[in-house]
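Structural features, examined
Each chain, letter by letter, is given below.
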Amino acid sequence: MTELKSFSLKEVKEHNDSKSTYLVIYDQVYDVTKFLEEHPGGEEVLLEQAGGDATDAFEDVGHSTDARELMKDYLVGDIVESDKKNRKKQWLDRMVDTPGNCHGGRHSLQICDSPQLFVTHIDCLKSTKQRTKSGG
Ligand code: HEM
């Protein structure tokens, strides 16, 4: 496994073309250079976000759990504390506002706070909302 490091937003910004393509998603840094050609959504969309924060773009697409698993292969590090947007924290705060959203409240926040499980829990939250919407 590659050693993870912390990047400033400025450092990530330098990786903004197809020679070296970095994306920031939830304060985590992904090197998707080798993934460009394989990305089912095409390389253009990734290059558009290259060197910057792609969290919203990534979530707008509604990526599958498989896609979220796949991301881990491209993780190279995270954003230095001073540059973090702490979107994960905002999301967790929202979840605390609506207890019971996450697996019917069966999971503790400590579990939800684990970076590995976090992505899965977005799906969990979404599917809970969908279930609520469809009344089932
Ligand atoms: C490391 C980051 C990413 C990974 C591993 C990834 C992976 C995938 C995968 C596996 C799919 C197939 C559908 C699915 O399973 O959800 C997909 C589709 C797609 N992705 Fe990504 N993606 C990443 C980042 C992004 C970003 C940043 C954007 C937006 C700028 C994006 C836009 C799309 C689009 C538009 C599709 C096609 C959706 C469709 O045709 O229904 N992806 N991606």
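All values reported here derive from a predicted model rather than from experimental measurement. Every residue gets a number counted from 1 within its own chain, in the order that chain's sequence is written. Under the rules for a predicted model, residues below a pLDDT of 70 receive no local features and side-chain atom pairs below 80 are neither given nor counted, while totals for whole chains, interfaces and linings still include all residues. Hydrogens and waters are ignored; side-chain quantities use all the structure's heavy atoms.

**Topic: the UniProt feature "domain: Cytochrome b5 heme-binding" (unreviewed entry) in the chain**
Mapped onto this structure's residue numbering, the UniProt feature "domain: Cytochrome b5 heme-binding" (unreviewed entry) falls at residues 4–80. Secondary structure elements are taken from DSSP: a helix is a run of H or I of four residues or more, a strand is a run of E of two residues or more, and numbering for both begins at the N terminus. Between the C-alpha atoms that bound residues 4–80 there is a distance of 12 Å. The span itself is 34% helix and 26% strand. UniProt positions are given in the numbering used here, feature names are shortened, and annotations may be inferred rather than shown by experiment.

**Here's the deal with the site of the ligand**
To be near a molecule or strand, a residue needs just one of its heavy atoms within 4 Å of it. The immediate surroundings of the ligand are formed by 17 residues, with His39, Gly41, Leu46, His63 and Ser64 found nearest. Whenever two N or O atoms come within 3.5 Å, that pair is a polar contact, provided that in protein one can donate a hydrogen and the other can accept it, and provided that, for residues adjacent in sequence, both atoms are side-chain atoms. Taking His39, its side chain carries an N or O atom lying 2.8 Å from a nitrogen atom of the ligand. At the level of elements, α2 (43–49), α3 (55–61) and α4 (65–71) are the ones that each hand at least two residues to the shell around the ligand. Ten residue types, Ala, Val, Leu, Ile, Met, Phe, Trp, Tyr, Cys and Pro, are classed as nonpolar, four, Asp, Glu, Lys and Arg, as charged, and the remainder, Gly among them, as polar. Partitioned by chemical class, the residues of the shell around the ligand number 12 nonpolar, 5 polar and no charged.

**Digging into the coordination of the iron atom of the ligand**
Atoms of type N, O and S within 2.8 Å of a metal are treated as its donors, and for Na, K and Ca the window is 3.2 Å; water is not considered, so some sites may appear to be missing partners. Protein-derived coordination of the iron atom of the ligand comes from His39 (NE2) and His63 (NE2), at a distance range of 2.0 Å. Irregular is the default label, applied whenever a site is not tetrahedral (four donors, all angles between 85 and 135 degrees) and neither square planar nor octahedral (four or six donors, opposite donors over 155 degrees apart, all other angles between 65 and 115). Coordination at the iron atom of the ligand is octahedral, judged from the 6 donor atoms that bind it and the angles of 86 to 179° they form at the metal. Of this pair, His39 sits in the loop between β4 (28–31) and α2 while His63 sits in the loop between α3 and α4, and the two are 24 residues apart along the sequence. Here the two residues His39 and His63 agree in accessibility, since each one is buried. Using a 1.4 Å probe on the protein chains alone, a residue whose accessible area is under 20% of its type maximum counts as buried, one over 50% counts as exposed, and one in between counts as partly exposed.

**A word on the nonpolar core**
Soluble, globular proteins show a tendency: their nonpolar side chains are buried together. In these notes, a set of buried Ala, Val, Leu, Ile, Met, Phe, Trp, Tyr and Cys residues joined through side-chain atoms within 4.5 Å is what counts as a nonpolar core. Counting 13 residues, the largest nonpolar core has Ile25, Tyr30, Val32 and Leu46 as its most contacted members. We call two residues contacting when some pair of their heavy atoms lies within 4.5 Å. Those residues within four positions of Tyr30 in sequence are excluded, and the remaining contacts are Thr21, Tyr22, Leu23, Ile25, Met71, Tyr74, Leu75 and Val76. Counting residues in hydrophobic clusters, the runner-up holds 7 residues, among them Phe7, Val12, Val24 and Val76.

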